[in-house]
Amino acid sequence: MTANYFLVETPEVTFTFIGSVQHDELTPGLVWLCTPGGQRLLQCPAKCVSESTREQTAERIMDDRRASRAPLN
């Protein structure tokens, strides 16, 4: 299974997720973030998860890296 790229934005945290997403059959509106192999890791609202491209994901990672190196004023 190939990895997919997702942006997860909740009120508490925003992060990039590389793996797969499975819809929760028992709880509509929730999804599982899963490893590329399909192991469930974290459940979150589906509305907080959006697909991303490899390029968008790389750009976010680079932006985060640049921000972490910026001097504090």
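About the criteria used
- Residues numbered from 1 in each chain as written.
- Predicted model: local features only at pLDDT ≥ 70, side-chain atom pairs only at ≥ 80, totals over all residues.
- Heavy atoms only, no water.
- Helix = DSSP H or I, 4+ residues; strand = E, 2+ residues; numbered from the N terminus.
- Buried < 20%, exposed > 50% of the residue type's maximum accessible area, 1.4 Å probe, protein only.
- Contact = heavy atoms within 4.5 Å.
- Pairing = 2+ DSSP bridges.
- Axes fitted to C-alpha atoms, helices over the stretch in contact; angles between N-to-C directions.
- Salt bridge = Lys/Arg side-chain N within 4 Å of Asp/Glu carboxyl O.
- Core = buried A, V, L, I, M, F, W, Y, C linked by side-chain atoms within 4.5 Å.

(A) Expanded view of the environment of Gly 38. Tracing the backbone through its elements, the reader meets Gly 38 in the loop between strand E3 (30–34) and strand E4 (40–45). According to the relative accessible area criterion, Gly 38 is partly exposed, its value standing at 23%. C-alpha of Gly 38 to C-alpha of Thr 53: the two residues are 15 residues apart in sequence and 19 Å apart in space. With residues up to four places along the chain from it excluded, the contact list for Gly 38 reads Ser 20 and Gln 22.

(B) Structural context of the sheet that holds E3. Strand order in the open sheet formed by 5 strands is E4-E3-E2-E1-E5, and the pairing between neighbours is antiparallel. Each edge of the open sheet carries a strand with a single partner, namely E4 and strand E5 (49–52). Taken pair by pair, the neighbouring strands of this sheet meet at an average axis angle of 50 degrees, ignoring direction. One ladder, built from 6 bridges, connects strand E1 (residues 4–9) with strand E2 (residues 14–23); its direction is antiparallel.

(C) Spotlight on the pattern of salt bridges. Evaluation of the coordinates by the stated rule reveals 3 salt bridges. The salt bridge involving Glu 59 is made with Arg 66; its shortest N-O contact spans 3.8 Å. Judged by relative accessible area, Glu 59 falls into the partly exposed class, the value being 41%. The partly exposed category is assigned to Arg 66, whose relative accessible area is 47%. Notably, a salt bridge pairs Asp 63 with Arg 66, separated by 2.8 Å at the nearest N-O pair. Within this pair, Asp 63 and its partner Arg 66 are both found in helix H1 (residues 54–69), separated by 3 residues, close to a single helical turn.

(D) Broad picture of the nonpolar core. Counting 7 residues, the largest nonpolar core consists of Phe 6, Val 8, Phe 17, Val 31, Leu 33, Cys 44 and Val 49. Residue assignment for this core shows that the elements contributing at least two residues are E1 and E3. In this structure Phe 17 touches Asn 4, Tyr 5, Phe 6, Val 8, Leu 33, Cys 34 and Leu 41, once residues within four positions along its chain are discounted.

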